[in-house]
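# Analysis of the macromolecular model
Spelled out, the chains give:
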Amino acid sequence: MAKERIGIMGGTFNPVHLGHIRMAKYAMQSANLEHVLFMPDGTPPHKTDIAPAEHRWRMVCVATCMEKGLVPSEMELIREGTTYTIDTLHALHDQFPKADFYYIIGADTLMELHKWKNAEQVFPLCTFLVAPRILSVSSRDFLDEKKRLTSLGAKFMNIDMPLYDISSSMLRDQLKTGSASPLFPATLQEYCGALGLYGLPRRVLQSEEWFSRLFSMLTVKRFSHTLAVAYTARNLARNHRVDPLKAEIAALLHDCAKCLPLSEMQRICTEHALTMDTMTLSSGNLLHSIAGAYLAATDYGVEDPDILRAISCHTTGKVGMTKLDMVVFLADKIEPTREDYPSLQKVRMLAPLSLERAMLASLEGTASYVKSGSRPLHPSSVRTMEWLRTLPEVRP
């Protein structure tokens, strides 16, 4: 029986970026790996000035959650003391005794392998998959070092992939200047900006507490969606002269109740007389907005009625929606990680131009989808469409 082939992607991930993701995916193809473990360092022996482990861990989870075969691992984070690869590989062999391991590195790291603790004991435990990187040494020196390490028992395979000129240090420098590489996804830009990581000013004062709570309450995919919605809402708000911080906060908390059991949402809403609408009470997809607004006030300490209102109406819409309400509603529908649906591109095109027209297009798309399934559209959505059609921004 063939052995399982497991890739290992180690590093500080300070922060993780799409260069890491693409390297892992190309490695899977090149070496026919079943999956790749993304393993952030706990206390690396050779680096200082890194973001706290919990933030690097969450960002790795967010970056990998939509990628098949990429699996976050806390093994090195929960281990006490300084992190060494030799210890990790021994632990993995104990956990997966019938697997072969493939450690993914850049060509620049190959030149540093001789500095690893007990390097020659590491070599029998894995094969190194080497990705192309810009080197500070000549190709002759690189090949000589590779040959020398091979003579000591190291095994190497090349990863067939393009050269990406990106590194975490480059990203950190870009963030400080207010720019970001396209290889740094919107979800992680939002995470760093809201928290104030890597020299950025913290935008959301409560973000440390809120992110800890949200990450524990939501699935990773839902947490990632939340970050994407906040990123989109902030940018859409600035485009339409809406307070970007209010939009960001409402978006960060818009799904705070989404992963609660329906029975718990119903309990919250009935005990506090938040709604008596039977259609809403029977659907978690609808009810989480009302329950979420309640939790945003009671558990997250939000007092601003504008923010609470935007959270409460982000599922069905509401007659008389403010521009902030529309920004949050639309950001939820068009955020960059959304899977494609029939009206998505139209709504994305309209949103920067007219919130009202984008709202109508979004609700009409929902109406068509619901009708195709022989289900009724929520009356609040019907009334919202009728109201939108009366507005001068929508009328031809």
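Just above sits the structure.
Presented here is an overview of the structure given in this document. Everything numeric in this text was worked out from a predicted model, so none of it was measured. (Residues numbered from 1 in each chain as written. Predicted model: local features only at pLDDT ≥ 70, side-chain atom pairs only at ≥ 80, totals over all residues. Heavy atoms only, no water.)

### Some thoughts on the overall build of the chain
Along its length, the chain carries 20 helices and 6 strands. Expressed as lengths along the three principal axes of its C-alpha atoms, the size of the chain is roughly 75 × 40 × 40 Å. Looking at the 396 residues of the chain, the share that counts as buried comes to 51%. The long-range fraction of contacts in the chain, counting pairs at least 24 apart against all pairs at least 6 apart in sequence, stands at 68%. In the form shown here, the chain has an accessible surface area of approximately 18,700 Å², with 52% of it arising from carbon and sulfur atoms. Between the centroid of the 44 positive side chains of the chain and the centroid of its 43 negative side chains there is a distance of 5 Å. (Helix = DSSP H or I, 4+ residues; strand = E, 2+ residues; numbered from the N terminus. Buried < 20%, exposed > 50% of the residue type's maximum accessible area, 1.4 Å probe, protein only. Contact = heavy atoms within 4.5 Å. Areas by Shrake-Rupley, 256 points an atom, 1.4 Å probe, with all protein chains shown as cover. Lys, Arg positive; Asp, Glu negative; His and termini not counted. Charge placed at Lys NZ, Arg CZ, Asp CG, Glu CD.)

### Some remarks on helix 17 (residues 323–334)
Over its 12 residues, helix 17 runs 16 Å from end to end, which matches the ideal 16 Å to within 8%, given 1.5 Å per residue. For helix 17, a buried count of 11 out of 12 residues is recorded, marking the element as mostly surrounded by other parts of the structure. Every buried residue of helix 17 is listed here: Leu-324, Asp-325, Met-326, Val-327, Val-328, Phe-329, Leu-330, Ala-331, Asp-332, Lys-333 and Ile-334. In this structure, the buried residues of helix 17 make contact with helix 11 (220–239), helix 12 (244–253), helix 16 (305–312), helix 18 (344–350), helix 19 (355–372) and helix 20 (379–388). (Expected span 1.5 Å × (residues − 1).)

### Concerning the environment of Ile-21
For Ile-21, the position within the fold is in helix 1 (residues 18–31). Residues Ile-21 and Phe-38, 17 residues apart in the sequence, show an inter-C-alpha distance of 9.3 Å. With residues up to four places along the chain from it excluded, the contact list for Ile-21 reads Phe-38, Ala-63, Thr-64, Glu-67 and Leu-70.

### A few points about the pairing of strand 1 (residues 4–11)
Pairing between strand 1 and strand 4 (residues 99–106): 5 bridges, direction parallel. Bridging from a neighbouring strand, Arg-5 pairs with Asp-100 of strand 4. When strand 1 meets strand 2 (residues 35–40), the two strands line up parallel, connected through 6 bridges. The residue bridging Gly-10 from the neighbouring strand is Met-39, located in strand 2. (Pairing = 2+ DSSP bridges.)

### Quick notes on the nonpolar core
Counting residues in hydrophobic clusters, the biggest one holds 105 residues, and the most contacted among them are Val-36, Phe-38, Phe-211, Phe-223 and Leu-253. In this structure, Phe-223 is in contact with Val-62, Tyr-191, Phe-211, Leu-214, Phe-215 and Leu-218, ignoring residues within four places of it in sequence. By size, the runner-up hydrophobic cluster in this structure holds 27 residues, among which are Leu-37, Ala-107, Leu-110 and Phe-142. (Core = buried A, V, L, I, M, F, W, Y, C linked by side-chain atoms within 4.5 Å.)

### Observations regarding the pairing of strand 5 (residues 127–131)
Among the 5 residues of strand 5, 5 are classified as buried, and the element is accordingly described as predominantly covered. Here strand 5 shows no split at all, with Thr-127, Leu-129 and Ala-131 on one side and Phe-128 and Val-130 on the other all buried. By the bridge criterion, 5 bridges tie strand 4 to strand 5 in an arrangement that is parallel. Residue pairing for strand 5: Ile-104 is matched across the bridge by Leu-129. Bridge count between strand 5 and strand 6 (residues 156–158): 3 bridges; the pairing is parallel. Across the sheet, residue Phe-128 finds its bridge partner in strand 6, namely Phe-156. Handedness of the crossover is the feature at issue here: the chain leaves strand 5, passes through helix 7 (residues 139–151), returns alongside strand 6, and the resulting connection is right-handed. (Right-handed = clockwise from strand over helix to strand, strands pointing away.)

### A short note on the packing of aromatic side chains
Applying the stated criterion across every chain yields a total of 12 aromatic pairs. Between Phe-123 and Phe-128, the aromatic rings sit 6.3 Å apart at their centres with planes inclined by 80°, giving edge-to-face as the arrangement. Given a relative accessible area of 2%, Phe-123 falls into the buried group. Positioned over the ring face of Tyr-300 is Arg-213, at 5.2 Å from the centre of the ring. For Lys-333, the ring lying beneath its charged end belongs to Phe-329, and the centroid distance is 3.8 Å. (Phe/Tyr/Trp six-rings, centres within 6.5 Å; stacked < 30°, edge-to-face > 60°. Lys NZ or Arg CZ within 6 Å of the ring centre and 35° of its normal.)

### Digging into the pattern of salt bridges
If the charged atoms of two oppositely charged side chains come close together, the side chains can form a pair. Summed over all chains, the structure comprises 19 salt bridges. What you see here is one network of salt bridges that share partners, running through Glu-190, Arg-203, Arg-234 and Glu-248. (Salt bridge = Lys/Arg side-chain N within 4 Å of Asp/Glu carboxyl O.)

### Observations regarding the sheet that holds strand 5
Strands sit in the order 3-2-1-4-5-6 across an open sheet of 6 strands; the sheet is parallel. Every other strand in the sheet has two partners, leaving strand 3 (70–72) and strand 6 as the edge strands with one partner each. Across this sheet, the average inter-strand angle for adjacent strands is 30°, counted without regard to direction. Helix 1 rests against strand 1, strand 2, strand 3, strand 4, strand 5 and strand 6 of the sheet, and its axis sits at about 145° to strand 2. (Axes fitted to C-alpha atoms, helices over the stretch in contact; angles between N-to-C directions.)

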